[in-house]
Amino acid sequence: MAEHAAHHGRSVFIGGSGTWLEIVSRPLGLCYKDKHGAWVHNDWLVVAFAVMIGIAVVGVVGSRRRDLVPRGLQNGVEWVIEIFRGFCRRIIGEGGERYAPVVGTFFAIIFCFNLMGLVPGMISPTANTNATLALALCAFVITLYIGIRENGILGFIDHLAGSPSRQPWFMWWLPILMLPIELISLLARPVSLCFRLLGNIFGEDMVIHKLAQMAVNAFHAIYVPIPFQLPLMIFGMFTSFVQALVFSTLVAIYIALSLPHHDHEHAHGHEHALEHAPAHS
Amino acid sequence: MGAILEQLGIEPNLLLMMAVGFLIVYFILKKFVFGRVSQMFEERSQTIQQQLEAAAQQRLAMEKMRDDYEQRIAQIEEEARTRIAEAVKEAQAARDEMLAQAREQAERIVARGKEEIEREKHKALVEIRDQVAELAILTASKIIERELDEHTHRELIDDVIEKAIVRRGNGQH
């Protein structure tokens, strides 16, 4: 696909082949010919909306019952929500469970998006730049909004400039140094969030795709079905989870860093550990 | 910039749709799932807290009731022990009295028996003496063949018997 794309001068991230959801995406105008005359399949958007609607339905249905002793779906939804609340409390600190909806929504959506690439005939929405960039921009805007809401606009700028209002007078030069660094760091967040997720999931899906093609070619040659892609699909479940966890943890850390009077050392430690996590996975 | 976006496959329309879709789902989940469940957690926590407090109070009441019952049971046992002791004492007194009466009665019966024996013995002796006297008279009359008057005869016999009894008594002792 990459050679094909390079030949046409197209992005490697644009889906070259459709999924069985094309019957939905084509009437919606999501499948069209680009200026090079090649078909563009944006089935990922249909998958993304199907997954998001599914998550919303499961969540709403699961939280409708209010039994004192939860069972079935209610128990599952409450269990997941309690995990997110505890997760946010541990990373953000006391009262961090207020931000569980943001972190939980990011995790649930990204995890399900990632898993979709492992379903035969489907595609990971997170293997498309538009999806990951949209998620990263949403994360950026939400964390920025929380930072401004909690600190005020002047407080937020003061926060970015290394809190000169709380420094002794001879540290006047600190904002000059800190503000550009913090601004670059702030603006780099959505870019890093976007491309980390995209690279991991796109790469994983491409490898699975290629191994599946290899299995088909091998079957034609020796008439024995050998699922070469299977080990990587199993590993893909793990990486799907890890990438969703990394994204949502970073969102939680960005929220923690934008809150006033927080133990920044602690949150920075998490951030640095996670910045290196994708390289390992 | 446009070329970079094109190379990355970024299309503003799709980007916007995805972002709006995400934000809609986020608001739905926040309002109808996380908000509702968090509120339910609070309510459940309060309910459980209240129930635990109520249970603790009930436990205290039960413990107090149990202490009262134990105290009452102890009192009842004490009363029962006292009554049993009194009953035992009364029974012992009654037994002693009955034993004393029985002993007295037995002694009385024994004394009466002894008197009876003495009386019978005396009677038997008198009879023996009479028979011996008659026998002696008969024997003597035949030996000496002489008639003695009744009164002399009797005196003689009595004298012999007395001597015989005295001799016998000396022989026994």
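Residues numbered from 1 in each chain as written. Chains lettered and ligands numbered in written order. Predicted model: local features only at pLDDT ≥ 70, side-chain atom pairs only at ≥ 80, totals over all residues. Heavy atoms only, no water.

**Brief notes about the overall build of chain A**
And then number 1: Helix and strand counts for chain A come out as eleven helices and two strands.
And then number 2: Secondary structure elements of chain A occur, N-terminal to C-terminal, as α-α-β-β-α-α-α-α-α-α-α-α-α.
And then number 3: Look at the contacts in chain A between residues 6 or more apart in sequence, and 63% of them connect residues 24 or more apart.
And then number 4: Roughly 14,000 Å² of accessible area belongs to chain A as shown, and the carbon and sulfur atoms make up 71% of that amount. (Helix = DSSP H or I, 4+ residues; strand = E, 2+ residues; numbered from the N terminus. Contact = heavy atoms within 4.5 Å. Areas by Shrake-Rupley, 256 points an atom, 1.4 Å probe, with all protein chains shown as cover.)

**Overview of the overall build of chain B**
And then number 1: For chain B, the helix and strand inventory stands at three helices and zero strands.
And then number 2: Along its sequence from the N terminus, chain B presents helices and strands in the succession α-α-α.
And then number 3: By the compact-globule yardstick of 16 Å for 173 residues, chain B is too spread out, its C-alpha radius of gyration being 63 Å.
And then number 4: Across the 173 residues of chain B, 14% fall into the buried class.
And then number 5: Of the roughly 14,300 Å² of accessible surface on chain B, 58% is carried by carbon and sulfur atoms.
And then number 6: Of note, chain B has its 26 positive side-chain charges centred 3 Å away from the centre of its 33 negative side-chain charges. (Rg over C-alpha atoms; globule rule 2.2 N^0.38 Å. Buried < 20%, exposed > 50% of the residue type's maximum accessible area, 1.4 Å probe, protein only. Lys, Arg positive; Asp, Glu negative; His and termini not counted. Charge placed at Lys NZ, Arg CZ, Asp CG, Glu CD.)

**Side note on the nonpolar core**
The tendency in soluble globular proteins is for nonpolar side chains to be buried as a group.
And then number 1: Among the nonpolar cores identified, the biggest contains 74 residues, and I92(A), F106(A), L135(A), F247(A), I255(A) and M18(B) are the most heavily contacted of them.
And then number 2: Secondary-structure elements contributing two or more residues to this core are α3 (43-62), α4 (72-92), α5 (100-116), α6 (129-151), α8 (174-222) and α9 (230-258) of chain A together with α2 (12-144) of chain B.
And then number 3: Here the element with the most residues in this core is α2(B); it accounts for 13 residues.
And then number 4: Setting aside chain neighbours within four positions, we find L135(A) in contact with F106(A), I109(A), I110(A), F113(A), T126(A), L197(A), F247(A), M18(B) and F22(B). (Core = buried A, V, L, I, M, F, W, Y, C linked by side-chain atoms within 4.5 Å.)

**Some points on the interface of chain A and chain B**
And then number 1: Listed by partner, the interface residues are 52 residues for chain A and 32 residues for chain B.
And then number 2: Buried area between chain A and chain B, summed over both chains or domains, comes out near 3,600 Å², and the portion from carbon and sulfur atoms is 72%.
And then number 3: On the chain A side of the interface with chain B, the three residues burying the most area are R66(A), L68(A) and N130(A), jointly 16% of the side's total.
And then number 4: The interface formed by chain A and chain B includes one salt bridge.
And then number 5: Taking the shortest distance from any N to any O, the salt bridge between E78(A) and R44(B) comes out at 2.7 Å.
And then number 6: The interface formed by chain A and chain B holds four residue pairs in polar contact (both at pLDDT 80 or more) in total.
And then number 7: When residues of the side of chain A that touches chain B are traced back to their parent elements, those giving at least two are α3, α4, α5 and α6 of chain A.
And then number 8: For the side of chain A that touches chain B, a count of residues per class yields 32 nonpolar, eleven polar and nine charged. (Buried area = accessible area lost by both parts, 1.4 Å probe. Salt bridge = Lys/Arg side-chain N within 4 Å of Asp/Glu carboxyl O. Polar contact = N/O pair within 3.5 Å; in protein donor to acceptor, adjacent residues only side chain to side chain. Nonpolar A, V, L, I, M, F, W, Y, C, P; charged D, E, K, R; others polar.)

**Re the confidence of the model for chain A**
Residue and element names in this part refer to chain A.
And then number 1: For chain A, per-residue confidence averages 83 on the pLDDT scale, and residues scoring 70 or more make up 86% of the total.
And then number 2: No element of chain A has a lower mean pLDDT than helix α11 (residues 277-280), which averages 44, and none a higher one than α5, which averages 94.
And then number 3: Contacts for the low-pLDDT stretch residues 1-8, under 50 throughout, to residues beyond four places or in other chains number ten contacts. (pLDDT = per-residue confidence, 0-100.)

**Points about the environment of F87(A)**
All names here are of chain A.
And then number 1: When you line up the elements, F87 lands in helix α4.
And then number 2: F87 gets classed as buried once you look at its relative accessible area, which sits at 16%.
And then number 3: Beyond its immediate chain neighbours, meaning those up to four positions away, F87 contacts V103, L245, S248 and T249.

**Remarks on the environment of A134(A)**
And then number 1: Looking at the secondary structure, you find A134(A) in helix α6.
And then number 2: Residues A134(A) and C194(A), spaced 60 residues apart in sequence, show a C-alpha to C-alpha distance of 8.1 Å.
And then number 3: If we ignore the near neighbours within four places in the chain, the residues touching A134(A) are L15(B), M18(B) and A19(B).

**Points about unusual backbone geometry**
All names here are of chain A.
And then number 1: Located in the positive-phi region is Y223, a residue other than glycine, with phi close to 60 degrees.
And then number 2: Of note, Y223 is situated in the loop between α8 and α9.
And then number 3: Overall, Y223 belongs to the exposed group, its relative accessible area being 63%.

**Describing the packing of α8(A) against α9(A)**
All names here are of chain A.
And then number 1: As a packed pair, α8 and α9 sit with axes 11 Å apart at the nearest point and diverge in direction by 175 degrees. What the angle tells us is that α8 and α9 run roughly antiparallel. Contacts from R189, S192, L193, R196, L197, N200, I201, E204, V207, I208 and L211 in α8 reach L232, M233, G236, T239, S240, Q243, V246, F247, L250, Y254 and L257 in α9.
And then number 2: Considering only residue class, the contact of α8 with α9 consists of 13 nonpolar, six polar and three charged. (Axes fitted to C-alpha atoms, helices over the stretch in contact; angles between N-to-C directions. Parallel < 35°, antiparallel > 145°, perpendicular 65-115°, else oblique.)

**As for the packing of aromatic side chains**
And then number 1: Scanning the model with the defined rule gives eleven aromatic pairs over all chains in all.
And then number 2: Plain terms: the ring middles of F219(A) and Y223(A) are 6.5 Å apart, the flat faces sit at 75 degrees to each other, and that makes the pair edge-to-face.
And then number 3: The interplanar angle of 45 degrees and the centroid separation of 5.2 Å between the aromatic rings of Y26(B) and F27(B) together place this pair among those described as tilted. (Phe/Tyr/Trp six-rings, centres within 6.5 Å; stacked < 30°, edge-to-face > 60°.)

**Some remarks on the side chain of T126(A)**
Residues and elements named next belong to chain A.
And then number 1: Turning to its location among the elements, T126 is positioned in the loop between α5 and α6.
And then number 2: Engagement of the side chain of T126 in a polar contact is seen with the side chain of N114, the distance being 2.6 Å.
And then number 3: Discounting residues that sit within four places of it in the chain, T126 has contacts with I110, F113, N114, A131, T132, L135, L197, L198 and I201.

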